Amino acid sequence: MEGIGGNRLTWARLPASVRASVEGGLGSAVVRAVNCAGGFSPGLASRLELADGRWVFAKAVSAATNPHSVGMHRREVGIAPLVPGPRLLWSGDDGDWVALVFEEVVGHTPVLPWAAGEWDRVHAAMVELASVRAPDGLASIAADEAALSGWRSLAVEPLPGVDPWALARLDELASWEEQWAEAAAGTSLVHGDVRADNVLLTSSGVVFVDWPQAGSGAPWVDLALLLPSLAMQGGPEPAEVWRSSPLARGADRDAVTAVAAASAGYFVHSSLLPPPPGLPTLRAFQAAQAGPALRWLRGLLG
């Protein structure tokens, strides 16, 4: 499943007005564009070489293609100055197209399937990130409590294809899920969407990119949310990572179960829905994570 990705737009296919805005904002023309694979935004994600010799990373998307993606881009404009990701150099919003340009980070995403050495580096960086206090002005990671409500949705309107074990326990799972917002609360900086395509391994460390879902929360939340995609992309199983990670030590078991239930419910429910506009491969990616998410949840519930 490591090959599943988005439907990326290239620099040449951006409207001329958007390209002109980016070049005007940066004060230099684009002479070369290198498209970046991975991720699920239906918009642009490219490294750009400028006439003045600089390299930058640009992303842009249109509301006409996917309104949700535009909302995420707009949120990231406000969040970027608050988090330890790449520096935001310029942003533009014409009411339809939203574009952001960041400093370039020289590095590479983890090789998939995950290699043990690279996972160890990323895990160590996540432990370090968990010690960072969320800055003032950043909302709780669980501010939108309804964002993870898959089991409750399925309890109201069952869909074909739900795992038989989960189907028999929908009310119980919905009850656990209902507690996730309180369970995830805390004061640590939480990225909210750590996965292989949002990680860059550099010569000196690890850089997390794409921060629109950042918030404050418990220090273990990022790891808990990452585990299904880690296993799906060839890494260790969630239970194995959780047993050995320092981030799990001291975490309340019921709180972890609530977040794991909410995460599994999200993947199961979302994978059964029609694909959203401009994102034809997203449901397959979510379905592939539902399996390991459910395996971990079954182990936590016993």
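In this text the structure is predicted, and so the values were computed from the model without any measurement.

Chemist: Looking at this structure, how should I read the overall build of the protein chain?
Modeler: Secondary structure assignment for the protein chain yields 11 helices and 9 strands. Against the 2.2 N^0.38 benchmark of 19 Å for 302 residues, the protein chain shows a C-alpha radius of gyration of 19 Å, consistent with a compact globule. Dimensions of the protein chain, computed from the C-alpha atoms along their principal axes, are close to 60 × 40 × 35 Å. Expressed as a percentage of the 302 residues in the protein chain, the buried residues total 51%. Put simply, the protein chain shows about 13100 Å² of open surface, and 54% of that area lies on carbon and sulfur atoms. Of the side chains in the protein chain, 21 bear a positive and 31 a negative charge, and the two mean positions are spaced by 4 Å.

Chemist: Explain the side chain of Lys 59 here, please?
Modeler: As for its position among the elements, Lys 59 is in strand β3 (residues 55–62). There is a polar contact of 2.8 Å between the side chain of Lys 59 and the side chain of Glu 76. Only 2.7 Å separates the side chain of Lys 59 from the side chain of Asp 210, close enough to count as a polar contact.

Chemist: Looking at this model, I keep getting lost on the confidence of the model for the protein chain. Mind explaining?
Modeler: Keep in mind that low pLDDT regions are not for reading the predicted coordinates in detail. A residue-level look at the protein chain finds 96% of positions with pLDDT of 70 or above and a mean pLDDT of 94. Between residues 1–5, whose pLDDT stays under 50, and residues either more than four places distant or in other chains, the model counts 13 contacts.

Chemist: Help me out: how do you make sense of the pattern of salt bridges in this one?
Modeler: Close approach of charged atoms allows side chains with opposite charge to pair. Per the counting criterion, the structure on display carries 13 salt bridges. The residue Arg 47 makes a salt bridge to Glu 104 at a minimum N-O spacing of 2.8 Å. Highlighted residues: Arg 47 in strand β2 (residues 44–50) and Glu 104 in the loop between β5 (97–103) and α3 (116–130), separated in sequence by 57 residues. One salt-bridge network, in which partners are shared between bridges, spans Lys 59, Glu 76 and Asp 210.

Chemist: Would you mind going over the nonpolar core with me for this structure?
Modeler: Note on soluble globular proteins: their nonpolar side chains tend to be buried together. Counting 65 residues, the largest nonpolar core has Trp 119, Met 126, Trp 151, Phe 208, Trp 220, Trp 242 and Leu 297 as its most contacted members. If sequence neighbours within four positions are ignored, Met 126 has contacts with Trp 119, Val 194, Phe 208, Asp 222, Leu 223, Leu 226 and Leu 247. The next biggest cluster of nonpolar side chains, apart from the first, holds 17 residues, and it includes Val 18, Val 30, Ala 58 and Ala 99.

Chemist: Just to check I follow, could you spell out the packing of helix α10 (residues 253–271) against helix α11 (residues 282–301) for this structure?
Modeler: In helix packing, the relevant descriptors are the interaxial angle and the interaxial distance, both defined with respect to the helix axes. Look at α10 against α11: their axes get within 8 Å of each other, and the N-to-C directions meet at 150°. By the angle between their directions, the pair α10 and α11 is classed as roughly antiparallel. Like other packed secondary-structure pairs, α10 and α11 cross with a definite hand, here left-handed. Counted together, Arg 253, Val 256, Thr 257, Ala 260, Ala 261, Ala 264, Tyr 266, Phe 267, Val 268, Ser 270 and Ser 271 of α10 and Arg 283, Gln 286, Ala 287, Gln 289, Ala 290, Ala 293, Leu 294, Trp 296, Leu 297, Gly 299, Leu 300 and Leu 301 of α11 form the full contact between these two elements. For the contact of α10 with α11, the residue count by class is 15 nonpolar, 6 polar and 2 charged.

Chemist: Explain the pairing of β2 here, please?
Modeler: Regular strands show a simple pattern: their side chains alternate between the two faces of the sheet. The buried count for β2 comes to 5 of 7 residues, which makes it a mostly enclosed element. For strand β1 (residues 30–35) and β2, the ladder comprises 5 bridges, and the chain directions are antiparallel. Note on β2: the bridge partner recorded for Val 34 is Arg 47. Direction of pairing for β2 relative to β3: antiparallel, over a ladder of 6 bridges. Residue pairing in the sheet places Arg 47 in a bridge with Phe 57 of β3. Connecting β2 to the antiparallel partner β3 that follows it, the hairpin turn spans 4 residues, and Gly 53 within it adopts a positive phi of roughly 100°.

Chemist: What exactly am I supposed to notice about helix α1 (residues 16–26) here?
Modeler: Residues three or four positions apart in an α-helix share a direction because the helix packs 3.6 residues into each turn. Within α1, burial applies to Val 18, Val 22 and Leu 26. Buried residues of α1, seen end-on, are gathered within an arc of 65° and therefore sit on one face of the element. Opposite the buried face of α1, by more than 90 degrees, sit the exposed residues Ala 16 and Gly 24. Elements in contact with the buried residues of α1: β2, β3, β4 (88–93) and β5. Within two residues after α1, Gly 27 carries a phi angle of roughly 75°, on the positive side.

Definitions and cut-offs
- Residues numbered from 1 in each chain as written.
- Predicted model: local features only at pLDDT ≥ 70, side-chain atom pairs only at ≥ 80, totals over all residues.
- Heavy atoms only, no water.
- Helix = DSSP H or I, 4+ residues; strand = E, 2+ residues; numbered from the N terminus.
- Rg over C-alpha atoms; globule rule 2.2 N^0.38 Å.
- Buried < 20%, exposed > 50% of the residue type's maximum accessible area, 1.4 Å probe, protein only.
- Areas by Shrake-Rupley, 256 points an atom, 1.4 Å probe, with all protein chains shown as cover.
- Lys, Arg positive; Asp, Glu negative; His and termini not counted.
- Charge placed at Lys NZ, Arg CZ, Asp CG, Glu CD.
- Polar contact = N/O pair within 3.5 Å; in protein donor to acceptor, adjacent residues only side chain to side chain.
- pLDDT = per-residue confidence, 0-100.
- Contact = heavy atoms within 4.5 Å.
- Salt bridge = Lys/Arg side-chain N within 4 Å of Asp/Glu carboxyl O.
- Core = buried A, V, L, I, M, F, W, Y, C linked by side-chain atoms within 4.5 Å.
- Axes fitted to C-alpha atoms, helices over the stretch in contact; angles between N-to-C directions.
- Parallel < 35°, antiparallel > 145°, perpendicular 65-115°, else oblique.
- Left-handed = near helix turned anticlockwise from the far one by under 90°.
- Nonpolar A, V, L, I, M, F, W, Y, C, P; charged D, E, K, R; others polar.
- Pairing = 2+ DSSP bridges.
- Arc of directions from axis to C-beta.

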